[in-house]
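Chain residues, written in single-letter form:
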Amino acid sequence: MIELKNVTKIFKQKDREVTALAGVSLKVERGKIFGVIGTSGAGKSTLIRCVNLLEKPTSGEVYIDGKNLTTLPDRELALERRQIGMIFQHFNLLSSRTVFENVAFPLELDRKPKHEVRERVTELLRLVGLEEKAGDYPASLSGGQKQRVAIARTLASSPKVLLCDEATSALDPGTTASILRLLKDINRRLHITILLITHEMNVVKSICHDVAVISQGKLVEKGPVNTVFSNPKTELARSFISASLHVEIPEHYRQRVTAINEGGMSPLLRLRLTGDTADQPLLSQAARLFEIDTKIISAQMDHVGDKNFGVVLVALSGRTGNYQKAIDFFIYHHIKVELLGYV
Ligand SMILES: Nc1ncnc2c1ncn2[C@@H]1O[C@H](COP(=O)(O)OP(=O)(O)OP(=O)(O)O)[C@@H](O)[C@H]1O
């Protein structure tokens, strides 16, 4: 449905060039939700803006539904763009228009008859759960409600593709979850293909089928979400996954932890479990094999599809001479181990 082939975007400034995208290729199958995740400046906005040619790629091709947009004359491109809806972090609503009038706007531009506009807008406001706000102005709405209006407005043109540019970044976690549920619902019910960009792995985890990780304008990793979560190949993907888990050293441990073992102290380890390691009872196996004890201090396990992953903070005790053997055992079984200090 969406295909980028070797897309490069170079911004030319007075004294230098910035390569925002360097040979990006990706394919989003019809009816799927595809997430692109990356840190600030990685090229996410440029990538999503290249899909509807708000930014013209310096080289490479962009296909929507099999049509190469990069070679279309402006008039045809304008027609194709109607099939591509877009929502933004800051909603971009028209403040002088009511909720109803905002959603009606694209239909009015299309010169649809009044009764058709009324019917369609009412239906869309029902879909996003805002029928009662039809006469209100954007200023009186919450962030989540504004984003619902923006979604309804973009759906008014019956797009085949929806591009979401950090659509939940300005929202609190509860509102984010409800907007993500709405996007998932739209994807399922209206069969709209969604490409979203985000810096939060939770967004990807909640609704995406596939994910790509972008760094310095390149896609460094991509695949089905459960494969990437269970077996991340790059350090960057791993760090996004851990950031979606909130495992902190508790304050009373933080105060006691020392960099050097002052004798008889317990190593404090952070264990990152992904893929098969998360399904195996490796902590108790290590305990039996090496006569050590593992005290769990903090932990969070999560799952995507049928794959588990998680982070566990443990303090080792027991047979002191076997600590390193236990750590080697974990590493051998593909657990990522960090020694945080001694307590
Ligand atoms: N119009 C422009 N002119 C020059 N450089 C630009 C322009 N737009 C983006 N860039 C540069 O391209 C790179 C990628 O920017 P982009 O906005 O795509 O990143 P991003 O991942 O969306 O970041 P953020 O999450 O902070 O929005 C950055 O180095 C940025 O400074």
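Residues numbered from 1 in each chain as written. Predicted model: local features only at pLDDT ≥ 70, side-chain atom pairs only at ≥ 80, totals over all residues. Heavy atoms only, no water.

1. Let's talk about the site of the ligand
Here is step 1: Every residue lining the ligand is accounted for by Phe11, Gln13, Val18, Ala20, Thr39, Ser40, Gly41, Ala42, Gly43, Lys44, Ser45 and Thr46.
Here is step 2: For the shell around the ligand, the elements supplying multiple residues, two or more each, are strand S2 (17–28) and helix H1 (44–51).
Here is step 3: Take the shell around the ligand: its biggest share by element is 3 residues, from H1.
Here is step 4: For the shell around the ligand, the class distribution of residues is 4 nonpolar, 7 polar and 1 charged. (Near = heavy atom within 4 Å. Helix = DSSP H or I, 4+ residues; strand = E, 2+ residues; numbered from the N terminus. Nonpolar A, V, L, I, M, F, W, Y, C, P; charged D, E, K, R; others polar.)

2. Overview of helix H3 (residues 99–109)
Here is step 1: Those residues of H3 not exposed but buried are Val99, Phe100, Asn102, Val103, Ala104, Pro106 and Leu107.
Here is step 2: On its buried face, H3 sits against helix H4 (114–127) and helix H5 (143–155).
Here is step 3: Backbone geometry just after H3 places Arg111 at a positive phi near 55°. (Buried < 20%, exposed > 50% of the residue type's maximum accessible area, 1.4 Å probe, protein only. Contact = heavy atoms within 4.5 Å.)

3. Focus on the sheet that holds strand S11 (residues 267–274)
Here is step 1: Ordered by their spatial adjacency, 4 strands build an open sheet running S12-S13-S11-S14, and the pairing between neighbours is antiparallel. Strands with a single pairing partner mark the edges of an open sheet, and in this sheet they are strand S12 (292–304) and strand S14 (336–342). Strand-to-strand twist across the sheet, computed as the mean angle between neighbouring axes with direction ignored, equals 15°.
Here is step 2: Inspection of the sheet shows S12 paired to strand S13 (residues 307–318) by 12 bridges, in the antiparallel sense. Along S13, the bridge assignment pairs Ser298 with Leu313.
Here is step 3: Here helix H11 (residues 282–290) sits on the sheet and contacts S11, S12 and S13; the angle it forms with S12, its principal contact strand, is near 160°. (Pairing = 2+ DSSP bridges. Axes fitted to C-alpha atoms, helices over the stretch in contact; angles between N-to-C directions.)

4. Points about the domain arrangement of the chain
By a widespread convention, an interface's size corresponds to the accessible area lost as its parts come together.
Here is step 1: Assigned domains within the chain: domain 1 (2–243) and domain 2 (251–342).
Here is step 2: Taking only C-alpha atoms into account, the centre of domain 1 sits 40 Å from that of domain 2.
Here is step 3: With 10 residues of domain 1 at the contact, the number on the domain 2 side is 9 residues.
Here is step 4: In this assembly, domain 1 packs against domain 2 so that about 840 Å² is buried in total across both faces, 68% of it on carbon and sulfur atoms.
Here is step 5: When residues of domain 1 are sorted by the area they lose upon contact with domain 2, Lys205, Asn226 and Ser230 head the list and together hold 50% of the total.
Here is step 6: Counting every contact that joins domain 1 to domain 2 gives 1 salt bridge.
Here is step 7: Between Asp302 and Lys205 there is a salt bridge, with the nearest N and O atoms lying 2.5 Å from each other.
Here is step 8: Counting every contact that joins domain 1 to domain 2 gives 1 residue pair in polar contact (both at pLDDT 80 or more).
Here is step 9: Here the residues of the side of domain 1 that touches domain 2 sort into 4 nonpolar, 3 polar and 3 charged. (Domains from an automatic or database assignment. Buried area = accessible area lost by both parts, 1.4 Å probe. Salt bridge = Lys/Arg side-chain N within 4 Å of Asp/Glu carboxyl O. Polar contact = N/O pair within 3.5 Å; in protein donor to acceptor, adjacent residues only side chain to side chain.)

5. A few points about the nonpolar core
Here is step 1: By size, the foremost hydrophobic cluster in this structure holds 60 residues, and its most contacted members are Ile151 and Leu183.
Here is step 2: Residues lining this core come from more than one domain, with at least three contributed by each of domain 1 (2–243) and domain 2 (251–342).
Here is step 3: Ignoring sequence-local partners within four residues, the contact set of Ile151 consists of Ile87, Val128, Ile179, Leu182, Leu183 and Ile186. (Core = buried A, V, L, I, M, F, W, Y, C linked by side-chain atoms within 4.5 Å.)

6. Some points on the UniProt feature "domain: ABC transporter" (unreviewed entry) in the chain
Here is step 1: UniProt's entry tags residues 2–241 with the feature "domain: ABC transporter" (unreviewed entry), counted in the numbering of this structure.
Here is step 2: End C-alpha to end C-alpha, residues 2–241 measures 26 Å, and it is 38% helix and 27% strand. (UniProt positions renumbered as here; feature names shortened; annotations may be inferred.)

7. Thoughts on the pattern of salt bridges
Here is step 1: Scanning the entire structure with this criterion turns up 19 salt bridges.
Here is step 2: Among the ionic pairs, Arg97 bridges to Glu108, the shortest N-O distance being 2.9 Å. With a gap of 11 residues between them, Arg97 in the loop between strand S6 (84–88) and H3 and Glu108 in helix H3 connect regions that are remote in the sequence.
Here is step 3: Each of Lys9, Arg49 and Glu55 takes part in a single network of salt bridges with overlapping partners.

8. Notes on the packing of aromatic side chains
Here is step 1: Going through the model one piece at a time under the given rule, you end up with 3 aromatic pairs.
Here is step 2: Ring geometry for Phe229 and Phe309: centres 5.0 Å apart, planes at 55°, overall tilted. Within this pair, whereas Phe229 is found in helix H8 (residues 225–230), its partner Phe309 is found in strand S13, the two being separated by 80 residues in sequence. Neither Phe229 nor Phe309 differs from the other in exposure class; each is buried.
Here is step 3: Through successive ring pairs, a cluster of aromatic residues spans Phe290, Phe329 and Phe330.
Here is step 4: The ring of Tyr253 has Arg256 lying over it, and the distance from NZ or CZ to the ring centre is 5.0 Å. (Phe/Tyr/Trp six-rings, centres within 6.5 Å; stacked < 30°, edge-to-face > 60°. Lys NZ or Arg CZ within 6 Å of the ring centre and 35° of its normal.)

9. Considerations on the side chain of Arg270
Here is step 1: Note that Arg270 resides in strand S11.
Here is step 2: Not counting residues within four places of it along the chain, the set of residues in contact with Arg270 comprises Val247, Val311, Val312, Leu313, Lys336, Val337, Glu338 and Leu340.

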